[in-house]
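A look at the structure
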Amino acid sequence: GDGTNDVGALKAASVGVSIINNIELEKKVDEKVDSLTKNKKSNDRTLRALIEFQEQEKDPTIVKLGDASIASSFTSRRTSIDCVLTIIRQGRTTLITTIEIYKILSLNCLITAYSMSILYLNGLRQGDIQMTAIGLLSTVLFYLLSQTKPLQILSSKNPPNSIFNKAIIFSIVGQFIVN
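Residues numbered from 1 in each chain as written. Predicted model: local features only at pLDDT ≥ 70, side-chain atom pairs only at ≥ 80, totals over all residues. Heavy atoms only, no water.

Re the overall build of the protein
- Per the secondary structure count, the protein includes seven helices and two strands.
- The N-to-C order of helical and strand elements in the protein reads α-β-α-α-α-β-α-α-α.
- Out of the 179 residues in the protein, the part that is buried amounts to 22%.
- Here the contacts in the protein between residues at least 6 apart in sequence split such that 76% fall between residues at least 24 apart.
- A total of about 13,200 Å² of accessible surface is found on the protein, and carbon and sulfur atoms cover 62% of it. (Helix = DSSP H or I, 4+ residues; strand = E, 2+ residues; numbered from the N terminus. Buried < 20%, exposed > 50% of the residue type's maximum accessible area, 1.4 Å probe, protein only. Contact = heavy atoms within 4.5 Å. Areas by Shrake-Rupley, 256 points an atom, 1.4 Å probe, with all protein chains shown as cover.)

Below is the structure:
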């Protein structure tokens, strides 16, 4: 949405995106894009986005927040709806990363409990250095998992909409049985 008439729809939507329009900014951007691409037959979206960003950085007062930006979950300073794909990519990446972290945590807890009980039954226990090494290794693995980036092309298959999905639970139980 871009105005007051869109506030109701933005509030009702699961995810709302407010797109801030500024006719003066659009004219400046169009002129610069035309002057830079007059010899070429290209209208590159990346070039347009870069010019929009540069113009907004020169004068931050160009873009004024309106009613739609208050009602929406996200606000885009660009005049294009390309930001919707970025939001979907980031949302899917966050969801999948969260699911994977929960899987790793649950399997780590199950395996640790199993190994500790086996060691206890044999009258053994892990030393402080071993437990510290396992904790540090887990921390490094979680850090690496948090560095994942979204794919540029969206998958046609939606990710699970809940952490307590049947497939995820069966995956965890299956991994525990295998281990």
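Focus on the packing of helix 5 (residues 83-121) against helix 7 (residues 166-178)
- Viewed as axis vectors pointing N to C, helix 5 and helix 7 meet at an angle of 30°, and their least axial separation amounts to 10 Å. On the basis of their axis angle, the class for helix 5 and helix 7 is roughly parallel. Considering how the two elements wind past one another, helix 5 and helix 7 form a crossing that is right-handed. Contact residues: helix 5 offers Ile99, Lys103, Ser106, Leu107, Leu110, Ile111 and Tyr114, while helix 7 offers Ile168, Ser171, Ile172, Gln175 and Phe176.
- For the contact of helix 5 with helix 7, a count of residues per class yields eight nonpolar, three polar and one charged. (Axes fitted to C-alpha atoms, helices over the stretch in contact; angles between N-to-C directions. Parallel < 35°, antiparallel > 145°, perpendicular 65-115°, else oblique. Left-handed = near helix turned anticlockwise from the far one by under 90°. Nonpolar A, V, L, I, M, F, W, Y, C, P; charged D, E, K, R; others polar.)

Overview of the environment of Ile163
- Along the chain, Ile163 turns up in the loop between helix 6 (128-146) and helix 7.
- Under the relative-accessibility criterion, Ile163 is labelled partly exposed at 26%.
- Residues Ile163 and Ile99 lie 64 residues apart in sequence; the distance between their C-alpha atoms is 5.9 Å.
- Ignoring any residue separated from it by four or fewer positions in sequence, one finds Ile163 in contact with Thr98, Ile99, Tyr102 and Ile168.

Re the pattern of salt bridges
- Applying the stated rule across the entire model yields one salt bridge.
- A salt bridge links Lys103 to Glu100; its shortest N-O distance comes to 3.7 Å. Of the two residues, Lys103 and Glu100 both sit in helix 5, three residues apart, roughly one turn of that helix.
- The class for Lys103 is buried, based on a relative accessible area of 19%. (Salt bridge = Lys/Arg side-chain N within 4 Å of Asp/Glu carboxyl O.)

Re the layout of surface pockets
- Computed from the structure, the largest pocket encloses a volume of approximately 330 Å³.
- With six residues, helix 5 is the single largest residue contributor to the lining of the largest pocket.
- When the residues that make up the lining of the largest pocket are grouped by side-chain class, the tally is eight nonpolar, six polar and five charged. (1 Å grid on protein atoms, 1.4 Å probe; cavity = no way out; pocket = protein on both sides within 12 Å on 5 of 7 lines; lining within 4 Å. Points joined across faces, edges and corners; volume = space filled by probe spheres on them.)

Things to note about the confidence of the model for the protein
- Per-residue confidence for the protein gives a mean pLDDT of 75, with 73% of residues at or over 70.
- Taken element by element, the predicted model of the protein shows its lowest mean pLDDT in helix 4 (residues 67-71) (56) and its highest in helix 6 (87). (pLDDT = per-residue confidence, 0-100.)

Section: a nonpolar patch on the surface
- Side chains of Leu110, Tyr114, Ile118, Tyr120, Leu121 and Phe176 sit close together on the surface and give an oily, nonpolar patch of about 650 Å² of accessible area.
- In terms of residue count, helix 5 provides more of the nonpolar patch than any other element does, five residues in total.
- As for its placement among the helices and strands, Ile118 is situated in helix 5.
- A relative accessible area of 35% means that Ile118 is categorised as partly exposed. (Patch = residues over 30% accessible without salt bridge, like charges linked within 9 Å, V, L, I, M, F, W, Y side chains within 5 Å.)

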